[in-house]
Amino acid sequence: MNLEQITEEMRSRVGAHSPISAIIKFDFGDDGIVRIDGKSSPTVIDNENSDADCTVKVSIENFLKIAQGDLNPQMAFMTGKIRVEGDMSLALQLGSILG
């Protein structure tokens, strides 16, 4: 799955109204960014690298493993496979988006 496919999948999962009213950015390093702007109505999901309330830095490979349930997000955080910048409480709410 590439960045464009991940962006489209996020759009379908989140819909017009994000359950998180904040700006969350997934930073996949050289592979790009997916930003969810839950402050906008309707929710905007794009690939802009702008300010966010919470930034999750993770490889696409590990992101997909977490989304598919093959990698525990807490374990990934503890082992450094995920890094979170900004509001940590927002990162804890991502299960509602990642399913």
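Refer to the structure above for everything that follows.
This text gives an overview of the structure that appears in the document. (Residues numbered from 1 in each chain as written. Predicted model: local features only at pLDDT ≥ 70, side-chain atom pairs only at ≥ 80, totals over all residues. Heavy atoms only, no water.)

## Comments concerning the environment of Arg35
Basically, it comes down to this: In this text, helices come from DSSP runs of H or I with a minimum length of four residues, and strands from runs of E with a minimum of two, each type numbered from the N-terminal end. Each residue's exposure class comes from its accessible area (1.4 Å probe, protein chains only) as a fraction of the maximum for that residue type: buried when under 20%, exposed when over 50%, partly exposed otherwise. Contacts are residue-level and defined by heavy atoms, with any inter-residue pair within 4.5 Å sufficient. Two N or O atoms count as a polar contact when they lie within 3.5 Å, although within protein this holds only if one can serve as hydrogen donor and the other as acceptor, and sequence-adjacent residues are included solely when both atoms are side-chain atoms.
Residue position: Arg35 is located in strand S2 (residues 33–37). Exposure remark for Arg35: the relative accessible area of 9% places this residue in the buried category. Beyond its immediate stretch of four places on either side in the chain, Arg35 contacts Ile23, Ile24, Lys25, Val44, Ile45, Asp46, Glu48 and Ser50. A distance of 2.7 Å separates a polar atom in the side chain of Arg35 from a polar atom in the side chain of Asp46.

## Side note on unusual backbone geometry
Excluding glycine, a negative phi dihedral is what most residues carry, and trans is how most peptide bonds are arranged. Cis geometry is adopted by the peptide bond preceding Pro42, which originates at Ser41 and carries an omega value of 0°. Here Pro42 lies in the loop between S2 and strand S3 (44–46).

## Some remarks on the layout of surface pockets
Using the following cut-off: Here a cavity means grid points, on a 1 Å grid over the protein atoms only, where a 1.4 Å probe fits yet cannot get out; a pocket means an open set of points with protein on both sides within 12 Å along at least five of seven lines; lining residues are those with an atom within 4 Å of a point. Grid points are joined across faces, edges and corners, and a volume is the space filled by probe spheres set on the points. Under the convention adopted here, Pro, Cys and the residues Ala, Val, Leu, Ile, Met, Phe, Trp and Tyr are nonpolar, Asp, Glu, Lys and Arg are charged, and Gly plus all remaining residues are polar.
Approximately 430 Å³ is the volume attributed to the largest pocket. Pro73, Gln74, Ile82, Ala91 and Leu94 are the residues nearest the centre of the largest pocket, which is lined by 22 residues in total. Of all the elements, helix H3 (residues 73–78) adds the most residues to the lining of the largest pocket, at four residues. When the residues that make up the lining of the largest pocket are grouped by side-chain class, the tally is 17 nonpolar, five polar and no charged.

## Observations regarding the pairing of S2
The criterion, for reference: By the convention used here, strands pair only if DSSP detects at least 2 bridges between them.
Within S2, five of the five residues are buried, leaving the element largely enclosed by the surrounding structure. On S2, burial covers both faces: Ile33, Arg35 and Asp37 on one face and Val34 and Ile36 on the other are all buried. Bridge count for strand S1 (residues 23–27) against S2 is five bridges, and the pairing is antiparallel. Along S2, the bridge assignment pairs Asp27 with Ile33. Taking the residues between adjacent antiparallel strands as the criterion, S1 and S2 are bridged by five residues, where Gly29 takes a positive phi near 65°. As judged from the three bridges shared by S2 and S3, these two strands associate in the antiparallel manner. Among the inter-strand pairings, Arg35 is bridged to a residue of S3, identified as Asp46.

## Considerations on helix H2 (residues 60–67)
When H2 is considered as a whole, its buried residues turn out to be Ile60, Asn62, Phe63, Leu64 and Ile66. The positive-phi residue at the C-terminal boundary of H2 is Gly69, with phi of around 85°.

Function cannot be inferred from these measures alone, as they are strictly geometric.
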